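Residue-level listing of the chains:
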Amino acid sequence: MSERDSFSSISRRRFLTSAAALGAAVVAGPVLADDISMEDIINAPRRGNWDDQFDAKASRTAAAISTKNPIFGPGASANLQQAIFDYESIVANGGWPKVSTTVKLKIGMSDPAIAQLRKRLMISGDLAKSAGISNEYDSLVEEGVKRFQARHGLPLDGVIGKYTLEAINIPADTRLMQLRTNLERVNAITVDLGQRYVMVNIPAAYIEAVENNRVAQRHTAIVGRISRPTPILDSKIYNVTLNPYWTAPRSIVEKDIMPLMRKDPKYLADNKIRLFDGKGNEVDPTTIDWNAEAPDLMFRQDPGKINAMASTKINFHNEHATYMHDTPSQGLFNKLSRFESSGCVRCQNVRDLTTWILRDQPGWSRQQIEATIRTGVNTPIQVTNEIPIYFKYVTAWSAKDRVVQFRDDIYQMDGAQELALQTGLNQEPVVAN
């Protein structure tokens, strides 16, 4: 996925203004229980099967800096301390040069800014010093840029576009501050995480399933947008529901469903949404005046492939009514900025995670899970041995191989405004949830 200046639907200035107003306390606030937008329902695929696997090319490139070490593994603090030591040395030696260019830099080009880029990549360890300093953007520079992009959660296109340039020009002392801030966060975790647990890293928008201090699975995620952030929490997974129902919140009923029904009286039927009164009796949509105020009824979508939560919902104890779930809109996982929910977390390849969660539970092999999903019948499964789950906010971390990763400070908690520069990239307008 190449970077384009038009990726962002909100300007840098608008984003920074709204994010700064949000403040550091935003993560602790309540979130809405339902994070499904009408886009999920309207754009739900009407097909029997879909391929929800990662983009193969991007995955292979990212694998070059991947590690089986969890963010909160036994060596997490020591690895961050080593990264801090390395970056202190970089800062003490003058940091890295600013790459000054007004054009995109890519393979085959010759430009004085490329000499700056080469030196910048060498200092951060993304380009071998043996590559030398020149004005040429060769394949070595391209691979160095891809490595930098992979470490910063950017599109792996090997091009210095607007957003990669902004990331590459964040000063070394700012990155050092970011590392120190995240060391405090890691050191604040004093509980025993457990032999098996699930960790959601909110700024990275990904999920780790960890077993015996090794990452068994990683999943791309979609987490809360700026105005409706995903909360930081510690909990335990107690239930997995296959073929879940979805109940539309009042805001969607009023702002989306009512206007849609005025335009298309078959909308509810086409999307398998049924109405129920307070006693559980089904109500015929043709008896409702859709030009009046929204009726005091429950709008519930039946299980199935077009359900807004698709195949799976993962429940865990928490006061925010937050959960993890599947989505019929699999294309959302290909976006760079995956901060679009109302606080709940959408998980790519959720069936793999479900299989891992239920692995030791008799009667729930992958084949049985898939067979149950195919029935379309709502099936709640109690997790016999509840699995710990942690939602954390970590924007910088390191592995024992000294590969340091950084992510945008999406909720403005790191204390440096420039760390949030890229978070508007590919951000969708807020849809009523």
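Please refer to the structure placed before this passage.
Note that this is a predicted model, so its numbers are computed, not measured. (Residues numbered from 1 in each chain as written. Predicted model: local features only at pLDDT ≥ 70, side-chain atom pairs only at ≥ 80, totals over all residues. Heavy atoms only, no water.)

(A) Quick look at helix H8 (residues 172-187). The terminal C-alpha atoms of H8 lie 23 Å apart, and with 16 residues this matches the ideal 22 Å at 1.5 Å per residue to within 8%. Every buried residue of H8 is accounted for by Ala172, Thr174, Arg175, Leu176, Gln178, Leu179, Thr181, Asn182, Leu183, Arg185 and Val186. Packed against the buried residues of H8 are helix H4 (76-92), helix H7 (162-168), strand E14 (396-398) and strand E15 (404-406). (Helix = DSSP H or I, 4+ residues; strand = E, 2+ residues; numbered from the N terminus. Expected span 1.5 Å × (residues − 1). Buried < 20%, exposed > 50% of the residue type's maximum accessible area, 1.4 Å probe, protein only. Contact = heavy atoms within 4.5 Å.)

(B) Main features of the sheet that holds strand E8 (residues 298-301). On the basis of which strands lie adjacent, the open sheet formed by 4 strands has the order E5-E8-E6-E7 and antiparallel pairing. The open sheet has two edge strands with one neighbour each: strand E5 (246-247) and strand E7 (282-283). Both E5 and E8 contribute to a ladder of 2 bridges, which runs antiparallel. Within the sheet, the bridge partner assigned to tryptophan 246 lies in E8 and is glutamine 301. (Pairing = 2+ DSSP bridges.)

(C) Quick look at the nonpolar core. By size, the foremost hydrophobic cluster in this structure holds 34 residues, and its most contacted members are Val198, Ile237, Met324, Leu353, Ile357 and Phe391. Looking at which element gives the most residues to this core, the answer is strand E13 (residues 379-392), with 5 residues. (Core = buried A, V, L, I, M, F, W, Y, C linked by side-chain atoms within 4.5 Å.)

(D) Geometry of the pattern of salt bridges. Overall, the coordinates contain 20 salt bridges when judged by the stated rule. Residue aspartate 138 pairs with arginine 118 through a salt bridge whose shortest N-O separation is 2.8 Å. Linking aspartate 138 in the loop between helix H5 (112-123) and helix H6 (139-151) with arginine 118 in helix H5, this pair joins segments that are 20 residues apart in sequence. Judged by its relative accessible area of 26%, aspartate 138 is partly exposed. Each of Arg196, Glu211, Arg359 and Asp360 takes part in salt bridges that share partners, so that together they form one network. (Salt bridge = Lys/Arg side-chain N within 4 Å of Asp/Glu carboxyl O.)

(E) Just the pairing of strand E9 (residues 312-316), in detail. Where burial is concerned, most of E9 is hidden: 4 out of the 5 residues are buried. Of the strand pairs in this sheet, strand E4 (residues 233-242) and E9 are connected by 5 bridges, and their pairing is antiparallel. Each residue of the ladder has a partner; that of asparagine 239, found in E9, is asparagine 315. With 2 bridges joining them, E9 and strand E10 (residues 324-325) adopt antiparallel strand pairing. Considered in E10, the bridge of lysine 313 is made with histidine 325.

(F) Molecular detail of the packing of aromatic side chains. Summed over the entire model, instances satisfying the criterion amount to 7 aromatic pairs. Each ring, one from tyrosine 206 and one from tryptophan 397, has its centre 6.1 Å from the other, and the planes form 80°; the classification is edge-to-face. Taken together, the residues tyrosine 206 in strand E2 (residues 206-211) and tryptophan 397 in strand E14 connect sequence positions 191 residues apart. An identical accessibility class is assigned to tyrosine 206 and tryptophan 397; each is buried. Three or more aromatic residues joined by ring pairs make a cluster, and in this case those are Tyr87, Trp96 and Phe406. (Phe/Tyr/Trp six-rings, centres within 6.5 Å; stacked < 30°, edge-to-face > 60°.)

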